[in-house]
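Next come the chains, spelled out residue by residue.
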Amino acid sequence: GTLECDFDDIAPGAAPITIIITAPTSFEQCGEVVNTAIVDASNEANTGTVIDNNESRATVVINCSSLSPSKTPLLPVVNAGEDIGFTISVANTGDGAAFDVVLTDELPAIPGLSWTIDPAVDGCSITDRELDGSGGTLTCTIGTLAANDDALGGDDEFSVTVTSPTTANSCAVISNTAVFTSSNAPEARANGTVTVDARM
């Protein structure tokens, strides 16, 4: 849009007139935002020198966040009867903070599995398990991940580990996906796989 202001007469030496304009931002606007303001008066000569004096340009940089997730099995292959587990992590590798970050993971609902968060992590819980105790939804309310190498400090990484015992009924290739969302970054996903083998 075009901002237009009519100030009528401005006396010599009068206090400056200040106008503040604001706008929300999103990931799509990341980068430089450049804007030029131009003023003129009915009794000011329109010469090259005056034009330079009557323009002011400013630039605002909108920094992007960038979620980089991973889901790594504690062991890629285990014997039936041994514990399995995944470490689910995310790092913000962008120049801007990531806000309102949430992890959601629909844990595998395979007989013999019973997932726990080990060790416990604030803001993380497992809900909606199956009747046999398997499956469930891992949810972690992470909040803000600071910009990568933020000079002001702050956490730019998050990690949680989930584990489960296994039985002979758990023998399978167990794979699932962790999903990270943020209010100012695209959704990010990470898949992990572990094999429970009865033949070992």
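Attention in this report is confined to the structure presented alongside it. Bear in mind that the values here come from a model prediction, so they are computed numbers and not experimental data.

Side note on the overall build of the chain
Then, number 1: Helix and strand counts for the chain stand at one helix and 12 strands.
Then, number 2: The secondary structure elements of the chain, listed N-terminal to C-terminal, are β-α-β-β-β-β-β-β-β-β-β-β-β.
Then, number 3: Against the globule reference of 16 Å for 200 residues, the chain gives a C-alpha radius of gyration of 28 Å, more extended than a compact globule.
Then, number 4: If one aligns the C-alpha atoms of the chain with their principal axes, the spans along those axes are about 90 × 30 × 30 Å.
Then, number 5: Taking the intrachain contacts of the chain between residues at least 6 apart in sequence as the baseline, contacts between residues at least 24 apart amount to 68%.
Then, number 6: Counting only carbon and sulfur atoms, one obtains 50% of the accessible surface of the chain, whose full area is about 12400 Å².
Then, number 7: The distance from the centre of the 5 positive side-chain charges to the centre of the 28 negative ones in the chain is 17 Å.

Overview of the packing of aromatic side chains
Then, number 1: In the structure shown here, the tally under the stated rule is one aromatic pair.
Then, number 2: Positioned above the aromatic ring of Phe86, the side-chain terminus of Lys71 is 4.6 Å from the ring centre.

Things to note about the sheet that holds strand E11 (residues 172-182)
Then, number 1: Taken in spatial order, the six strands line up as E4-E12-E11-E6-E9-E8 in an open sheet, and their pairing is mixed. Of all the strands in the sheet, just strand E4 (77-79) and strand E8 (124-127) have a single pairing partner and so form its edges. On average, each strand axis in the sheet is inclined to that of its neighbour by 25°, with strand direction left out of account.
Then, number 2: Taken together, the four bridges between E8 and strand E9 (residues 137-145) define a ladder with antiparallel strand orientation. Note that in E9 the partner of Ile126 across the bridge is Leu138.

Points about the state of the cysteines
Then, number 1: Inspection of the entire model under this criterion finds two disulfides.
Then, number 2: Cys30 shares a disulfide with Cys64; S-S distance 2.2 Å. Within this pair, whereas Cys30 is found in the segment before strand E1 (31-38), its partner Cys64 is found in the loop between strand E2 (55-62) and strand E3 (67-73), the two being separated by 34 residues in sequence.
Then, number 3: Paired by a disulfide, Cys124 and Cys140 hold their sulfur atoms 2.0 Å apart. Judged by the sign of its S-S torsion, about 120°, the cystine formed by Cys124 and Cys140 is right-handed. Of the two residues, Cys124 is situated in strand E8 and Cys140 in strand E9; the sequence distance between them amounts to 16 residues.

Observations concerning the sheet that holds E3
Then, number 1: Taking strand neighbours across the sheet as the criterion, the four strands line up as E3-E5-E10-E7 in an open arrangement whose pairing is antiparallel. Among the strands making up the open sheet, the edge pair consists of E3 and strand E7 (116-117).
Then, number 2: The pairing of E7 with strand E10 (residues 157-164) spans two bridges and is classified as antiparallel. By the bridge assignment, Thr116 is partnered in E10 with Thr163.

Regarding a nonpolar patch on the surface
Then, number 1: A surface patch of nonpolar side chains, about 580 Å² in accessible area, is lined by Leu3, Phe7, Ile10, Ile17, Ile19 and Ile21.
Then, number 2: The topology assignment puts Leu3 in the segment before E1.

Describing the pattern of salt bridges
Then, number 1: Taken as a whole and assessed by the stated rule, the structure comprises two salt bridges.
Then, number 2: Note that Lys71 is salt-bridged to Asp105, the shortest N-O span being 2.6 Å. One end of the pair, Lys71, is in strand E3; the other, Asp105, is in strand E6 (residues 98-106), and 34 residues separate them in sequence.
Then, number 3: A relative accessible area of 6% places Lys71 in the buried class.
Then, number 4: Assessed through its relative accessible area of 0%, Asp105 is described here as buried.

Structural notes on the nonpolar core
Then, number 1: In this structure, Leu103, Leu138 and Phe180 are the most contacted members of the largest nonpolar core, which totals 30 residues.
Then, number 2: For this core, the elements supplying multiple residues, two or more each, are strand E5 (84-92), E6, E8, E9, E10, E11 and strand E12 (185-197).
Then, number 3: Residue contacts for Leu138: discarding those within four places in its chain leaves Ile88, Leu103, Thr104, Asp105, Leu107, Ile117, Ser125, Ile126, Val160 and Val162.

Definitions and limits used
- Residues numbered from 1 in each chain as written.
- Predicted model: local features only at pLDDT ≥ 70, side-chain atom pairs only at ≥ 80, totals over all residues.
- Heavy atoms only, no water.
- Helix = DSSP H or I, 4+ residues; strand = E, 2+ residues; numbered from the N terminus.
- Rg over C-alpha atoms; globule rule 2.2 N^0.38 Å.
- Contact = heavy atoms within 4.5 Å.
- Areas by Shrake-Rupley, 256 points an atom, 1.4 Å probe, with all protein chains shown as cover.
- Lys, Arg positive; Asp, Glu negative; His and termini not counted.
- Charge placed at Lys NZ, Arg CZ, Asp CG, Glu CD.
- Phe/Tyr/Trp six-rings, centres within 6.5 Å; stacked < 30°, edge-to-face > 60°.
- Lys NZ or Arg CZ within 6 Å of the ring centre and 35° of its normal.
- Pairing = 2+ DSSP bridges.
- Axes fitted to C-alpha atoms, helices over the stretch in contact; angles between N-to-C directions.
- Disulfide = S-S within 2.5 Å.
- Patch = residues over 30% accessible without salt bridge, like charges linked within 9 Å, V, L, I, M, F, W, Y side chains within 5 Å.
- Salt bridge = Lys/Arg side-chain N within 4 Å of Asp/Glu carboxyl O.
- Buried < 20%, exposed > 50% of the residue type's maximum accessible area, 1.4 Å probe, protein only.
- Core = buried A, V, L, I, M, F, W, Y, C linked by side-chain atoms within 4.5 Å.

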